Each structure stands twice: as C-alpha cells, then as structure tokens.
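Structural overview for review
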Amino acid sequence: MRRAVEWFVGAAPSVPSTLAEALGLAEDAPELDRLRQAAPQQLARTERLHAAAQRAFEQRTREDVCRSLELAVRSALREPQAPAADDRLTVEADAAAHRLATDAALAGGRGLNTGLAFGVLLSPVVLVVVLALGRTLPRLFGSPIGCPEQLSLLYALVCFSGGAMGAVLSVVIRLRDSYQLLQRGPGGSPTPDIPTDPVHLAQTMRQEGWYRVVVGWFLATSLFLLINGGILTLLTPPAAPDGLCGPAPLPLAAHQSLIKAWFFWGSVGFLAGLNERWAYGLLRRSNDHPRATTPSA
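Here is what the cut-offs are and how they apply
- Per chain, the residues get numbers from 1 upward, laid out in the order the sequence is written.
- Only residues with pLDDT of at least 70 get local features here, since the model is predicted, and only at 80 or more are side-chain atom pairs given and counted; chain-wide, interface and lining totals rely on the full set of residues.
- The side-chain values count all of the structure's non-hydrogen atoms but skip hydrogen atoms and water molecules.
- Points on a 1 Å grid, built from protein atoms alone, make a cavity when a 1.4 Å probe fits but cannot get out and make a pocket when they are open with protein on both sides within 12 Å along at least 5 of 7 lines; residues with an atom within 4 Å of a point are the lining residues.
- Grid points are joined across faces, edges and corners, and a volume is the space filled by probe spheres set on the points.
- Only DSSP runs of H or I with at least four residues qualify as helices, and only runs of E with at least two residues qualify as strands; both kinds are numbered from the N terminus onward.
- Note on residue classes: Ala, Val, Leu, Ile, Met, Phe, Trp, Tyr, Cys and Pro are nonpolar, Asp, Glu, Lys and Arg are charged, and everything else, Gly too, is polar.
- Every angle, taken between N-to-C directions, lies between 0 and 180 degrees, and every axis is a line fitted to C-alpha atoms, over only the stretch in contact when it is a helix.
- Here is the rule for angles: anything less than 35 degrees is roughly parallel, anything more than 145 is roughly antiparallel, 65 through 115 is roughly perpendicular, and the remaining ranges are oblique.
- Contacts are assigned to residue pairs that have any heavy atoms within 4.5 Å of one another.
- Residues enter patches when they are more than 30% accessible in relative terms and free of salt bridges; like-charged ones are connected within 9 Å and nonpolar ones (Val, Leu, Ile, Met, Phe, Trp, Tyr) within 5 Å.
- Note on areas: Shrake-Rupley with a 1.4 Å probe; residue coverage comes only from the protein chains shown.
- Salt-bridge detection follows one rule: a side-chain nitrogen of Lys or Arg within 4 Å of a carboxyl oxygen of Asp or Glu.
- When a residue's accessible area, from a 1.4 Å probe over protein chains only, is under 20% of the maximum for its type it is buried; when over 50% it is exposed; and in between it is partly exposed.

Attention shifts here to the layout of surface pockets. Quantified by volume, the largest pocket comes out at close to 190 Å³. Residue lining of the largest pocket: Arg 2, Arg 3, Glu 6, Trp 7, Ala 11, Phe 57, Glu 58, Gln 59, Arg 60 and Arg 110, and that is the complete set. Listed by contribution, the elements that provide at least two residues to the lining of the largest pocket are helix H1 (2-9) and helix H5 (59-78). The element best represented in the lining of the largest pocket is H1, accounting for four residues. Grouping the amino acids of the lining of the largest pocket by side-chain chemistry returns three nonpolar, one polar and six charged.

Following this line, the structure appears as structure tokens:
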C-alpha cells in the first residue's frame, strides 16, 4: 500500500540532513575545511545536490544519489589536494544533477497522466449525472421533455464527451514537449542542478491534467450551445429527420441522418478539446455575428 501511495504522490518527506551529518562529521571538521579550500565550488555544488536529492520524488533516487555523492566526498577527503578529487566530485555531481532532472520529469509526467486518468474516469460519471438531471428536473416542474428535446440532450452529451477526448489527446500529443520543458531551467537553460520540487510538481501536474479535461468539457459545451442556438453560423448542424418522434419506424435515410449528427457533434466537441485556439476563434467570431440565425438540429 505504501509503495502504491508513493507511486502517485511521491516518497514521504524525510528528515533532512546535511552532507557533513551524513558523513558523520561536524560542519567545521578539519578534513572538510581542507576540501573546501581545495575545491570550494565542487564541494558547494555537491552539498546543494545532496540537499535536493533528499526531496526527490522516488525513494530509490533519494538513496542512490545521496549514497553516490557521499562516497565521492569520502574519496575526496582522503586526498583533497589531488586533481582526481576534483574530477570525481565533478563527475558525480553531473550524474546526480542528471538523475534529479530525470526524477523531476518523471514526477511531472506521472502527475499529468494521473490527472488525465482522473478526468477520463470522471467524464462518464458527469455524463450520467447530467443525463439523469436533464430527464428528471423538467418533470419536477410539470413539463417533461419530449422526443426532440431528448435528442438535443443526447447531442449535447456526445459533444461534451468529444471535448474530453480531444483534451486528453491534445495533452498526450504534447507530452513529449512537456518532458523537455520540465527539464529546462529558468530562461530555457538545460537541466539545472536544483530542479523544481518534484513532489510539488507532481501535484501541480495532476491538477493540470484534470483541468485540461474540464476545459475540454466547457469549450465543447459552449460551441454546442452557440451552434445549436443559431448564434454561431459558421457551422451548420445536420437537420433532424422527419418523423423522428412518430410511431412509424424510421427509414434508412433517417438513421443515416442521426448517425451523421452524432459524428458532427462528436467532431465539434473533439476539435474544441483538441485545439483550444480553434475553439476560441469560433467563440470570438460568434460575437461578430450576434444577430445571425440558423435552424437548430
């Protein structure tokens, strides 16, 4: 159970310790002072990386990076004036910085995937709730919805679900770029020594994941209301077939018209969630034609 929790939210906070404490030395120990004088920049960088490693997302990364840095410092303490000591500290510090950057990217990607999965699982629940409310609330006011209204509600839900699918695909397509951005420092510099707190980063990306799905919902629903209400005339929905609510069975052409309408609204929702610029552009254009009308589906 503990490992499952750590997989989602990261390793539990640990009691921080300085590099000197991990080595069993005092901060002003003579051997550390000699190493500070011989390689001040390398040792300071190693201490920063050691402190950052204790906040890594994965417990294994914390242990491995701290152990490697401590072994490198122990080796340098034996011969602080030797050039090999500086090289050993530099090599281990570079490896630790790369390992911590990879850990931060893993935390961000895992948080994003978790947030998207939550949004995907939440979508069917929201659809069922909206459908139940759409059919129940009008009856409470003594005006149950008829066949055309039920069809419009189903179209709205198809558009709604398409928006969630488009939002998820949009994030998945740009996930590779997200990994690259997570490994950049301020100003676009390559892998910094001290990356963003990976646990906090994972939490932020989880929120970003389900937030993207919610944005897809609202964009798709907004376009459905504008198009079906006749405010946005750039897209014309397929007309409802004649005799839809009659007692006679529908002919083949009517069934094809219904299927076409389902694909139309699903595509509108999908594109709204996939490409926010396209959706925002349509919403802005709808403000330029406030009086335009078109028959609704």
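Moving on, there is more to tell.
Interaxial distance between helix H3 (residues 30-38) and H5 falls to 9 Å at its minimum, and their mutual angle equals 90°. Taken together, the axes of H3 and H5 are roughly perpendicular relative to one another. Residue-level contacts link Glu 31, Leu 32 and Leu 35 of H3 to Val 73, Ala 76 and Leu 77 of H5. Class assignment for the residues of the contact of H3 with H5 results in five nonpolar, no polar and one charged.

What follows is about a nonpolar patch on the surface. A grouping of Val 125, Val 129, Leu 133, Leu 137, Leu 140 and Phe 141 is seen on the molecular surface, where their side chains present a nonpolar patch of about 630 Å² in accessible area. With respect to the secondary-structure elements, Phe 141 resides in the loop between helix H6 (83-140) and helix H7 (147-173). When its relative accessible area of 72% is taken as the criterion, Phe 141 is described as exposed.

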